[in-house]
Amino acid sequence: MKNYTNIIAPSIAFLIAIAAASFTTREKTLKSDILMTAYLHLPTPADCQQVSVNCSLIPGPVCMSGSYQAYGKNNLGIDCNLIIYKSD
C-alpha cells in the first residue's frame, strides 16, 4: 500500500500542474487576441479612419492605436465616438 501512495501522489500532483498550466496559457491567449475594428479621428475629429486594434468594451485604460485614441461606433453605427478600452 505504501508503494502505491509513493507512485500515485506524485502522479496526481503532476497531472494537476499540467492542467493548471494549460488553463492559464489558454486564458492569456484569449485575453490578448481580441482584435476589433476601431476608428481614429483622422485627419480631423469629424473623420473616422478604420483600424484594427487589440481592445475591448471592458473598462480600463483607453484604447490607443499608436499615439491616437481609438473609438468604437455607437449603437446606430453612425458616429465613431464610443470609448473603448485596452485589452490586457
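Before reading further, recall that the structure is shown in the block above.
My aim in this report is to walk through the structure given alongside it, one point at a time. This structure is a prediction, so every number in the text was calculated from the model and none was measured.

As for the overall build of the protein
- Looking only at helices and strands, one finds one helix and seven strands in the protein.
- Along the protein, from the amino end to the carboxyl end, the secondary structure elements read α-β-β-β-β-β-β-β.
- Pairs at least 24 residues apart make up 40% of the contacts formed inside the protein by residues separated by at least 6 positions.
- As displayed, the protein offers around 6,700 Å² of accessible surface, 64% of which is attributable to carbon and sulfur atoms.

Some words on the packing of aromatic side chains
- Across all of its chains, the model carries zero aromatic pairs by this definition.
- Taking the ring centre of Tyr39 as reference, the NZ or CZ of Lys73 above it sits at 4.8 Å.

Description of the state of the cysteines
- Applying the stated rule across the entire model yields two disulfides.
- Residue Cys48 pairs covalently with Cys80 via a disulfide, S to S 1.8 Å. Since a negative S-S torsion denotes a left-handed disulfide, the Cys48-Cys80 link at about -85° is left-handed. Placement of the pair is Cys48 in the loop between strand S1 (35–40) and strand S2 (49–56) and Cys80 in the loop between strand S5 (71–72) and strand S6 (82–83), with a sequence separation of 32 residues.
- We classify Cys48 as partly exposed; its relative accessible area is 34%.
- The disulfide bridge from Cys55 ends at Cys63, spanning 1.8 Å between sulfur atoms. Between Cys55 and Cys63, the disulfide has an S-S torsion of 70° and is therefore right-handed.

Considering the environment of Tyr39
- Residue position: Tyr39 is located in strand S1.
- Along the primary structure Tyr39 and Gly72 are separated by 33 residues, whereas in three dimensions their C-alpha atoms are 6.1 Å apart.
- Contact partners of Tyr39, with chain neighbours within four places excluded, come to Cys48, Gln49, Gln50, Val51, Gln69, Ala70, Tyr71, Gly72, Lys73 and Cys80.

Describing unusual backbone geometry
- Look at the link from Leu42 to Pro43: it is a cis peptide, with omega at 0°.
- The residue Pro43 is located in the loop between S1 and S2 in this model.

Comments concerning the side chain of Ser87
- Assignment of secondary structure puts Ser87 in the segment after strand S7 (85–86).
- A distance of 3.3 Å separates a polar side-chain atom of Ser87 from the backbone oxygen of Cys55.

So, the pairing of S2
- Examined bridge by bridge, S1 and S2 share six bridges and lie antiparallel to one another. If you follow Leu40 over to S2, its bridge partner there is Gln49.

What counts as what
- Residues numbered from 1 in each chain as written.
- Predicted model: local features only at pLDDT ≥ 70, side-chain atom pairs only at ≥ 80, totals over all residues.
- Heavy atoms only, no water.
- Helix = DSSP H or I, 4+ residues; strand = E, 2+ residues; numbered from the N terminus.
- Contact = heavy atoms within 4.5 Å.
- Areas by Shrake-Rupley, 256 points an atom, 1.4 Å probe, with all protein chains shown as cover.
- Phe/Tyr/Trp six-rings, centres within 6.5 Å; stacked < 30°, edge-to-face > 60°.
- Lys NZ or Arg CZ within 6 Å of the ring centre and 35° of its normal.
- Disulfide = S-S within 2.5 Å.
- Buried < 20%, exposed > 50% of the residue type's maximum accessible area, 1.4 Å probe, protein only.
- Polar contact = N/O pair within 3.5 Å; in protein donor to acceptor, adjacent residues only side chain to side chain.
- Pairing = 2+ DSSP bridges.

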